[in-house]
Amino acid sequence: MNLQYSAESTARKLFTPVRIGPYTLKHRIVLPPLSRLRAQPGTGIPSDLQLEYYTQRASDGGLIITEATAIASSARGYYHAPGLYSEEQVAGWKRITDAVHAKGATFFTQLWHAGRTSHVEITGSQPVTASVDPAYWADANNVIDAPDGFKPVSEHRALDTDEISTIVGQYRDAAQNAKRAGFDGVELMAANGHLIDQFLQDNVNKRTDRYGGSIANRARLLLEVVDTLVEVWGADRVGVRLAPNNSFNGMGDSDPHALFGYVVRRLDALGIAYIHIIEPRIKGADTIAEGQPPIATQELGKLFRGPVIAAGGFNPETAEATVANGDAGLIAFGRHFVANPDLPKRIADGLPLNPYDRSTFYSFDARGYTDYPFYDASLADPLPAA
Ligand SMILES: Cc1cc2nc3c(=O)[nH]c(=O)nc-3n(C[C@H](O)[C@H](O)[C@H](O)COP(=O)(O)O)c2cc1C
């Protein structure tokens with residue numbers, strides 16, 4: 001069944017200009033990071049399919065963000081995910097940034113360290129995290145994409161304090177590679193239970209060093225990485241993605257309001273390009289609180305003077321309302337952008353949306369990736385009789 005978006009709706013504010021750092025966008029519909037597992041297996045080199053996929057979704061004056069992209073071989077979480085730590089990966093991304101820019105879009109890359117959401121067969125060494133939690137690897141629901149198929153994560157170990165500067169250095173190297181690959185900026189993946197989130201939230205971080213305990217200590221890794229990214233890119237080309245109060249990948253915090261409020265205040269003081277917030281009504285790729293308003297954006301947006309990208313559970317109407325009332329500056333559409341390569345045009349013109357097929361989110365080939373149709377008026381159903 002097609003999701004209908006009425007042509008009478010007035011998606012006006014979504015199609016007004018907005019600035020992200022030095023870039024002036026022509027509309028406010030963002031392609032968020034979506035891991036789709038179509039990079040070259042194992043090597044993480046971007047594939048021809050990815051070139052086609054991102055080119056399809058680039059629009060004049062739009063912002064698109066890559067899927068989670070590993071900063072180092074030991075940072076990987078999926079066998080078919082891309083990286084930004086080898087020359088071949090940089091060259092592979094360069095082809096894609098060139099094609100995206102030719103369509104007039106702005107292109108950021110999401111820099112990613114999976115931490116414990118991984119497997120030793122992918123990382124080559126035991127995955128690392130803030131603190132050891134055997135219950136995490138014992139839970140068969142915590143699966144990743146390994147060389148021989150989807151399987152539970154492997155055992156992990158806690159990072160030593162003096163190893164953390166190496167991780168920060170890997171972010172620096174990947175940020176520099178992102179420049180050479182032709183991106184316009186970088187987004188730090190600090191959401192959805194990956195390494196930075198594992199340090200932030202206190203149901204995972206049980207450390208007693210300067211990276212654990214107080215909120216300031218748990219936010220230290222995030223802020224050290226952001227400082228490094230800012231050194232490479234300048235604050236106005238660095239974004240941060242957060243998932244406050246999100247339970248995906250086993251996350252949880254005793255006081256998420258205080259934790260994420262602190263983080264956003266610190267990011268505001270740095271004047272970064274944007275914050276990108278995933279609403280708690282979403283868990284990973286699922287809606288778990290249908291109808292809940294964008295509560296995290298409403299709360300945290302008040303603490304950040306720059307642009308806020310809101311993500312999670314939006315449709316064209318709620319997106320328009322959210323930017324029109326000032327709760328967010330831009331709206332990211334995940335699953336709808338999966339299924340609608342021309343999503344901004346469809347929303348602008350009030351056209352129906354293709355439904356997404358969840359079974360092909362992570363299925364490695366063109367089906368459900370690059371074969372969703374662009375809107376074709378000649379194939380449209382005739383209007384129902386009045
Ligand atoms: C297939 C799939 C892969 C995703 N991969 C990532 C990712 O790599 N990085 C990330 O920050 N979020 C990821 N997400 C979350 C989306 O960016 C988005 O926040 C989520 O889909 C909620 O938005 P929606 O309700 O518009 O789909 C993924 C979601 C889906 C459905």
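Here the structure is shown first, and the text comes after it.
Residues numbered from 1 in each chain as written. Predicted model: local features only at pLDDT ≥ 70, side-chain atom pairs only at ≥ 80, totals over all residues. Heavy atoms only, no water.

Honestly, the packing of helix H1 (residues 48-57) against helix H2 (residues 87-102) in this entry has me stumped. Any pointers?
Think of two packed helices as two axes; the pair is described by the angle between the axes and how far apart they sit. Running from amino to carboxyl end, H1 crosses H2 at an angle of 20°, the nearest separation of the two axes being 9 Å. Judged by the inter-axis angle, H1 sits roughly parallel to H2. Judged by the sense of rotation from one axis to the other, the crossing of H1 with H2 is right-handed. On H2, the residues that touch Asp48, Gln50, Leu51, Tyr54 and Thr55 of H1 are Trp93, Arg95, Ile96, Ala99 and Val100. (Axes fitted to C-alpha atoms, helices over the stretch in contact; angles between N-to-C directions. Helix = DSSP H or I, 4+ residues; strand = E, 2+ residues; numbered from the N terminus. Parallel < 35°, antiparallel > 145°, perpendicular 65-115°, else oblique. Left-handed = near helix turned anticlockwise from the far one by under 90°. Contact = heavy atoms within 4.5 Å.)

Looking at this model, I keep getting lost on the site of the ligand. Mind explaining?
Taken together, 20 residues lie around the ligand, and Pro33, Ser35, Arg241, Gly313 and Arg335 are the ones closest in. A distance of 2.6 Å separates an oxygen atom of the ligand from a polar atom in the side chain of Ser35. A distance of 2.7 Å is found between an oxygen atom of the ligand and a side-chain nitrogen or oxygen belonging to Arg241. Across the complex, the protein chains shield 96% of the 610 Å² of accessible surface that the ligand would expose by itself. Considered class by class, the residues forming the shell around the ligand number eleven nonpolar, seven polar and two charged. (Near = heavy atom within 4 Å. Polar contact = N/O pair within 3.5 Å; in protein donor to acceptor, adjacent residues only side chain to side chain. Areas by Shrake-Rupley, 256 points an atom, 1.4 Å probe, with all protein chains shown as cover. Nonpolar A, V, L, I, M, F, W, Y, C, P; charged D, E, K, R; others polar.)

Mind showing me how you'd approach the side chain of His113 here?
Tracing the chain through its elements places His113 in the loop between strand S5 (106-112) and helix H3 (120-123). Its relative accessible area of 1% is what places His113 among the buried residues. At a separation of 3.0 Å, a polar atom in the side chain of His113 contacts the main-chain amide nitrogen of Gly115. Among residues more than four places away in sequence, those in contact with His113 are Ile71, Ser74, Ala75, Val128, Ile167, Gln170, Tyr171, His194 and Leu195. (Buried < 20%, exposed > 50% of the residue type's maximum accessible area, 1.4 Å probe, protein only.)

How should I be thinking about helix H11 (residues 316-324) in this particular structure?
Residues three or four positions apart in an α-helix share a direction because the helix packs 3.6 residues into each turn. All of the buried residues in H11 are Pro316, Ala319, Glu320, Thr322 and Val323. With its buried residues spanning 165° around the axis, H11 presents them on a single face. Buried residues along H11 sit in contact with strand S16 (330-332) and helix H13 (343-348). For H11, the side-chain oxygen to backbone nitrogen distance between the N-cap and Glu317 is 2.9 Å, and the N-cap itself is Asn315. Positive backbone phi, approximately 85°, marks Gly326, located one or two places after H11. (Arc of directions from axis to C-beta.)

I keep staring at unusual backbone geometry and nothing clicks. Help me out?
Backbone phi values are negative for most residues with the exception of glycine, while trans is the configuration of most peptide bonds. Non-glycine residue Asn192 carries a positive phi angle of around 55°. Relative to the helices and strands, Asn192 resides in the loop between strand S10 (185-189) and helix H6 (195-200). Despite not being glycine, Phe364 shows a phi value in the positive range, around 75°. Judged by its relative accessible area of 36%, Phe364 falls in the partly exposed class.

I would appreciate a short explanation of the pattern of salt bridges in the present structure.
Where side chains of opposite charge bring their charged atoms close, a pairing between them can arise. Counting across every chain of the model gives 17 salt bridges. One salt bridge in this structure joins Glu163 and Arg157, with 2.8 Å as the shortest N-O distance. On the accessibility criterion, Arg157 (29% relative accessible area) is partly exposed. Of the charged contacts in the structure, one is a salt bridge between Asp202 and Arg218, with a shortest N-O distance of 3.9 Å. With Asp202 in the loop between H6 and helix H7 (215-218) and Arg218 in helix H7, this pair connects stretches of sequence that are 16 residues apart. (Salt bridge = Lys/Arg side-chain N within 4 Å of Asp/Glu carboxyl O.)

In this structure, what is going on with the environment of Thr322? I would like to understand it.
For Thr322, the position within the fold is in helix H11. Residue Thr322 is classed as buried on the basis of its relative accessible area, which comes to 5%. For the pair Thr322 and Ala310, spaced twelve residues apart in sequence, the C-alpha to C-alpha distance is 8.7 Å. Excluding anything up to four places from it in sequence, Thr322 contacts Pro294, Phe314, Asp327, Ala328 and Ile331.

Where do I start with the environment of Thr69 in this structure?
Of note, Thr69 is situated in strand S4 (residues 63-70). When its relative accessible area of 0% is taken as the criterion, Thr69 is described as buried. Thr69 sits 120 residues away from Met189 along the chain, and the two C-alpha atoms are 9.1 Å apart. If near-sequence neighbours (up to four positions away) are discounted, Thr69 is found in contact with Pro82, Gly83, Leu84, Trp93, Thr109, Gln110, Leu111 and Trp112. Among the polar contacts made by the side chain of Thr69, one reaches the side chain of Thr66 at a distance of 3.4 Å.

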